[in-house]
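One letter stands for each residue in the lines below.
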Amino acid sequence: MTDNPSAEPPKDSPPPGSPAPSATPAPSTTPTSSATPAPSATPTSSGPVSGSTTPGGPGSGSTTPGAVIAGGPPAAVAPPHGPYRPGPYPPYQTWGPPRKPAPSKLRPPAPAAPTSPTLWAVVATALVASLLLSGGAGANLLLVAVPATLAGAFAARAAGRRLRPWTLVWAVGGAALLLVPVLSDAGWPTFLAIVTALGLTGYALHGGRGWPSMLFGPVGLFDSLGTGMAWTWRGMRERAGGSQGRWGPVLRTVLVAVGLLVVFGALFAGADAAFADLLGSLMPDVSLDQAPWRFLCFLLGLFGAMAVARTAAAPLRWDRLSFGRGRARGRLEWALPLVVLNLLFAAFNAIQLAVLFGGYDKVLSETGLTYAEYARQGFWQLLMATLLTLVVIGLALRWAPRGDVRDTRLVRTVLGTLCVLTLVVVASALRRMDLYVDAYGLTRLRISVATMEIWLGVAILLIMASGIWGARLLPRALAASAAGFVLAFGLIQPDALIAQQNVDRHERLGKIDVRYLSGLSTDAVPALDRLQGALRDCALRDIAERLDEEGDVSWYATSLSESRARDILAARPVSRFASCGGATRDEEYDPDADPYDTYDPYEP
């Protein structure tokens, strides 16, 4: 229906100037359901008006919702679905211990796209890896690590992360570990140094300080391999779309620079032979027969740099993981087994102090065995006992009583006594190894396990210190001590130490195993050069043949030990016709044979 201003107003319309009535429809006389609210009367200026009632009639007490009763407060409005009936309330949620975060909370939000410096550092890492990672390990590993470190630094700075002291400690430690292949030619210390450097890289990028970060920090690098690809590709697309006009000048500049270097470099090389040799040694070999290997190195550098940059921008938050402490045990239940173990350690250590440190005559009188037989009999068992003791200490701390100060004093006393007794076991094991080496000479396996036993002793000392000054720094201290031992192990050049000890033993006792020593790396050449006659030729012949097969190696793919060995062998060549027959170290000097040392896993 449309409005018509010319139409006659209805008869019941109010005169002009009077207030307009409410648009509420008139109450219906038709009975309705109790659930249907009846319309209320419109109040006038004269005062409150009684609300309309249902067909039950006046005075029935059934007022419509929203009506105002004359002379009283407004009636409560019932909900449309009927009167409210209170039901059972949900149980009250009390405060409790914080819940462990879900695994998804370990992963932070996706970072912003990488910046241009980060992308250029990633590309530089791939190119340097393809050019230098060939022929061997040396300074090339350190040179590849430089642009990769810059990629991580640029990504972290763009993400707003600050450089912390422990981050700097891990980064410097990783760089120092990469000096091992520069100085040493032995493959096994180099492998340990590279793996440890990767672990320290994970620590530096994640920045955690608790046990989860120390245990799982290096895993974050492998987690970023897949996400790093998509992240880098997103950054490349954004940068390419915003800098289309800049690629031309950059390419022209690079082409002009390369052309000038090629032309004038070729002219200078033709003019002077010394400069040609220097230029040839500095330039990497880019022959086509190495193209597949260089492509693999390119991919290795590319994916490695992307993983480093992506981890630096948004590392996994390993410290959000929490290992709950076990239920505290009673004092007697917890302390009795450890006290019994302490008594067993004390009895064993008393015998060791009487036998091992009493001299050779004491060993013979107590056991009827020789030096070497007694040493070989128990070193490996003592090494295993030391490892199990660390496990026992960890489990004991998990279920230790922690009610009051007396519980703390009990835990420190019992576990401190166990740590002190374990240090005596470590000293006993090292003494046995010293007797063993004195009888049969030093080998790669023996020096490795002896170094591990020393580190276990240092770990026990750190645990004792944490019991006194707190365990906040214990995870970092153990990781740093392990990395320090790997670094020291590589810097002392164990092959050189093995050769020196065996040559000294030969000069003292006249016994030497040249067949075993000939399998060492070039680190051993200075010590083996001290031998005379056929012994020297037999010890150095295999090493000389390996160097001849390798030929000339680029400066960045060789070590200082190899260069020094080449100079020594060039000054005093090795005879190829010396007779080198004879028994090995365990056939002649150990008739029982060593069941734990018949295979050397590090022998090339």
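Further up the page is the structure itself.
In this text the structure is predicted, and so the values were computed from the model without any measurement.

## A look at the overall build of the protein
Okay, so step 1: Counting its secondary structure elements, the protein contains 22 helices and 0 strands.
Okay, so step 2: Across the 604 residues that make up the protein, the buried fraction comes to 35%.
Okay, so step 3: A sequence separation of at least 24 residues applies to 77% of the contacts in the protein between residues at least 6 apart.

## Quick notes on the pattern of salt bridges
Okay, so step 1: Scanning all chains against the criterion turns up 15 salt bridges.
Okay, so step 2: Residue Asp529 is joined to Arg572 by a salt bridge in which the shortest nitrogen-to-oxygen separation is 3.4 Å. Here Arg572 lies in the loop between helix H21 (560–571) and helix H22 (585–588) and Asp529 lies in the loop between helix H19 (525–528) and helix H20 (533–550), a separation of 43 residues in the sequence.
Okay, so step 3: Look at Asp529 and you get buried, because its relative accessible area is 16%.
Okay, so step 4: The salt bridge involving Arg566 is made with Glu550; its shortest N-O contact spans 3.8 Å. With Arg566 in helix H21 and Glu550 in helix H20, this pair connects stretches of sequence that are 16 residues apart.
Okay, so step 5: What makes Arg566 partly exposed here is its relative accessible area of 26%.
Okay, so step 6: Linked through salt bridges whose partners overlap, the residues forming this network are Arg331, Asp404, Arg406 and Asp407.

## Details of the packing of helix H3 (residues 165–177) against helix H5 (residues 187–206)
Okay, so step 1: Contact pair H3 / H5: the axes reach a minimum separation of 8 Å and the direction vectors enclose 160 degrees. By the criterion of interaxial angle, the relationship of H3 to H5 is roughly antiparallel. H5 is crossed by H3, and the crossing has left-handed handedness. On H5, the residues touching Thr167, Trp170, Ala171, Gly173, Gly174 and Leu177 of H3 are Ala193, Thr196, Ala197, Leu200, Tyr203 and Ala204.
Okay, so step 2: Looking at the contact of H3 with H5, its residues break down into 8 nonpolar, 4 polar and no charged.

## What about helix H1 (residues 116–132)?
Okay, so step 1: Spanning 17 residues, H1 covers 24 Å between terminal C-alpha atoms, matching the ideal 24 Å at 1.5 Å per step.
Okay, so step 2: Along H1, the positions that sit buried rather than exposed are Thr118, Leu119, Ala121, Val122, Thr125, Ala126, Ala129, Ser130 and Leu132.

## A few points about H20
Okay, so step 1: Under the 1.5 Å per step criterion, the end-to-end length of H20 is 26 Å for 18 residues, consistent within 8% with the ideal 26 Å.
Okay, so step 2: Of all bends in H20, the biggest is about 40 degrees, found at Leu540.
Okay, so step 3: Within the sequence span of H20, burial applies to Arg536, Asp537, Cys538, Ala539, Leu540, Arg541, Ile543, Ala544 and Leu547.
Okay, so step 4: For H20, the secondary structure elements touched by its buried residues are helix H18 (514–517), H19 and H21.
Okay, so step 5: Directly after H20, the chain includes Gly551, whose backbone phi takes a positive value near 70 degrees.

## What about unusual backbone geometry?
Okay, so step 1: In this structure, Gln493 is a non-glycine residue whose phi angle is positive, near 55 degrees.
Okay, so step 2: The topology assignment puts Gln493 in the loop between helix H16 (474–491) and helix H17 (494–509).
Okay, so step 3: Gln493 sits in the buried class, given a relative accessible area of 14%.

## Quick look at empty space enclosed by the protein
Okay, so step 1: All told, the structure shown has 3 cavities of 30 Å³ or more when counted by the stated rule.
Okay, so step 2: What lines the second largest cavity is Arg107, His206, Gly220, Asp223, Ser224, Thr227, Arg310, Thr311, Ala314, Pro315 and Leu316.
Okay, so step 3: Secondary-structure elements contributing two or more residues to the lining of the second largest cavity are helix H7 (219–242) and helix H10 (291–313).
Okay, so step 4: Here the lining of the second largest cavity takes 4 residues from H7, the largest share from any one element.

## Quick look at the environment of Ala126
Okay, so step 1: Tracing the chain through its elements places Ala126 in helix H1.
Okay, so step 2: Spatially, the C-alpha atoms of Ala126 and Phe295 are 9.5 Å apart, while their sequence positions differ by 169 residues.

## Structural notes on the environment of Ala113
Okay, so step 1: Following the sequence through the fold, Ala113 ends up in the segment before H1.
Okay, so step 2: Given a relative accessible area of 14%, Ala113 falls into the buried group.
Okay, so step 3: Once the C-alpha coordinates of Ala113 and Arg237 are considered, the two residues, 124 residues apart in sequence, prove to be 9.5 Å apart.
Okay, so step 4: With residues up to four places along the chain from it excluded, the contact list for Ala113 reads Trp231, Arg234, Gly235, Glu238 and Arg239.

## Topic: the packing of H5 against H16
Okay, so step 1: Interhelical geometry of H5 versus H16 gives an angle of 150 degrees and a closest axis separation of 9 Å. Considering the angle they form, H5 stands roughly antiparallel to H16. Of the two elements, H5 crosses H16, and the hand of that crossing is left-handed. Between H5, through Trp188, Pro189, Leu192, Ala193, Thr196, Leu200 and Tyr203, and H16, the contact on the second element is made entirely by Ala479, Ala483, Val486, Phe489 and Gly490.
Okay, so step 2: For the contact of H5 with H16, a count of residues per class yields 10 nonpolar, 2 polar and no charged.

## Regarding the packing of aromatic side chains
Okay, so step 1: Tallying each qualifying case throughout the model produces 6 aromatic pairs.
Okay, so step 2: Summarising the aromatic geometry, the rings of Trp166 and Trp170 are spaced 5.2 Å apart at their centres and angled 40 degrees between planes, so their arrangement reads as tilted. Of this pair, Trp166 and Trp170 both sit in helix H3, 4 residues apart, roughly one helical turn.
Okay, so step 3: On the basis of relative accessibility, which here comes to 28%, the residue Trp166 falls in the partly exposed class.
Okay, so step 4: Ring geometry for Phe216 and Trp318: centres 5.5 Å apart, planes at 40 degrees, overall tilted. In this pair, Phe216 sits in helix H6 (residues 211–216) while Trp318 sits in the loop between H10 and helix H11 (331–355), placing the two residues 102 residues apart along the sequence.
Okay, so step 5: The class for Phe216 is partly exposed, based on a relative accessible area of 31%.
Okay, so step 6: With a relative accessible area of 11%, Trp318 lands in the buried category.
Okay, so step 7: Joined through ring pairs, the aromatic side chains of Trp166, Trp170 and Tyr203 make up one cluster.
Okay, so step 8: If you follow Arg446 out to its NZ or CZ, it ends over the ring of Tyr436, 4.5 Å from the centre.

Rules used throughout
Residues numbered from 1 in each chain as written. Predicted model: local features only at pLDDT ≥ 70, side-chain atom pairs only at ≥ 80, totals over all residues. Heavy atoms only, no water. Helix = DSSP H or I, 4+ residues; strand = E, 2+ residues; numbered from the N terminus. Buried < 20%, exposed > 50% of the residue type's maximum accessible area, 1.4 Å probe, protein only. Contact = heavy atoms within 4.5 Å. Salt bridge = Lys/Arg side-chain N within 4 Å of Asp/Glu carboxyl O. Axes fitted to C-alpha atoms, helices over the stretch in contact; angles between N-to-C directions. Parallel < 35°, antiparallel > 145°, perpendicular 65-115°, else oblique. Left-handed = near helix turned anticlockwise from the far one by under 90°. Nonpolar A, V, L, I, M, F, W, Y, C, P; charged D, E, K, R; others polar. Expected span 1.5 Å × (residues − 1). Bend = angle between axes of the 7 residues up to and from the residue. 1 Å grid on protein atoms, 1.4 Å probe; cavity = no way out; pocket = protein on both sides within 12 Å on 5 of 7 lines; lining within 4 Å. Points joined across faces, edges and corners; volume = space filled by probe spheres on them. Phe/Tyr/Trp six-rings, centres within 6.5 Å; stacked < 30°, edge-to-face > 60°. Lys NZ or Arg CZ within 6 Å of the ring centre and 35° of its normal.

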